[in-house]
Amino acid sequence: MSKFNFVCTGGPYGDCSSHYKVELKQPCTMAQFVEFVNQRGEWGCVYINPINYFDALAKYRYDTHIKNKPLEMPQHYLNRRIARIEAHGGWSNMDYYVHLV
């Protein structure tokens, strides 16, 4: 069972993407979030405490024709607790906006 629940807060838009509030069902660390993302078969970016939405901390990719490029996070973020998450995407692309405690 997932530790996360996606609640659509907007969309679908013209490009078939939607915006989501990602509810945490229990306290979660970045390491647990990385594990969750790497199991989803998506591609996109992760933004931490986003001030500039054009400066992603990490990118990840799943492509069955090439190979899976897992989400990798700098070590100093892995034990940090997550305050909230927003997401935006569709068609296997998902960008996450993670706010840390």
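Whatever comes next refers back to the structure up there.
What counts, and at which threshold
- Residues numbered from 1 in each chain as written.
- Predicted model: local features only at pLDDT ≥ 70, side-chain atom pairs only at ≥ 80, totals over all residues.
- Heavy atoms only, no water.
- Pairing = 2+ DSSP bridges.
- Helix = DSSP H or I, 4+ residues; strand = E, 2+ residues; numbered from the N terminus.
- Axes fitted to C-alpha atoms, helices over the stretch in contact; angles between N-to-C directions.
- Contact = heavy atoms within 4.5 Å.
- Phe/Tyr/Trp six-rings, centres within 6.5 Å; stacked < 30°, edge-to-face > 60°.
- Buried < 20%, exposed > 50% of the residue type's maximum accessible area, 1.4 Å probe, protein only.

Student: Could you clarify how one ought to interpret the pairing of strand β5 (residues 82-90) in this entry?
Tutor: Moving residue by residue along a regular strand, the side chains alternate between the two faces of the sheet. Here strand β2 (residues 18-24) runs beside β5; their pairing, made up of five bridges, is antiparallel. When the bridges of β5 are listed, S18 appears paired with G89. Of the pairings in the sheet, the one linking β5 to strand β6 (residues 93-100) comprises eight bridges and is antiparallel in character. Note that in β6 the partner of I82 across the bridge is L100. Here β5 folds back onto β6 in antiparallel fashion, the turn holding two residues, of which W91 has a positive phi close to 55 degrees.

Student: Teacher, can you tell me more about the sheet that holds β6 here?
Tutor: Sheet strands pair via backbone hydrogen bonds, and the direction of the pair is either parallel or antiparallel. With mixed pairing, the six strands of this open sheet are ordered in space as β1-β2-β5-β6-β3-β4. Strands with a single pairing partner mark the edges of an open sheet, and in this sheet they are β1 (4-10) and β4 (58-60). Across the sheet, the mean angle separating the axes of adjacent strands is 25 degrees when strand polarity is ignored. The strands that helix α1 (residues 30-38) touches are β1, β3 (44-48), β4, β5 and β6; relative to β6, the one it contacts most, it runs at about 175 degrees.

Student: Sorry, what's going on with the packing of aromatic side chains here?
Tutor: Think of a pair of aromatic rings as described by two things: how far the centres are apart, and how the planes are tilted against each other in angle. If you walk through the whole model with that rule in mind, you get eight aromatic pairs. The interplanar angle of 75 degrees and the centroid separation of 5.9 Å between the aromatic rings of F4 and F33 together place this pair among those described as edge-to-face. Here the residue F4 occupies a position in strand β1, and F33 occupies one in helix α1, the gap between them amounting to 29 residues. Measuring from centroid to centroid gives 5.9 Å for F6 and Y20, while their planes differ by 75 degrees, and the two rings are edge-to-face. Placement of the pair is F6 in strand β1 and Y20 in strand β2, with a sequence separation of 14 residues. Here a set of aromatic residues connected by ring pairs shows up, and it is made of F4, F6, Y20, F33, F36 and Y96.

Student: How should the environment of A58 be read in this particular structure?
Tutor: Mapped onto the secondary structure, A58 falls in strand β4. Using a relative accessible area of 7% as the deciding quantity, one classes A58 as buried. Separated by 14 residues in sequence, A58 and E72 have C-alpha atoms that sit 6.7 Å apart. In contact with A58, not counting residues within four places along its chain, are G44, C45, V46, L71, E72 and M73.

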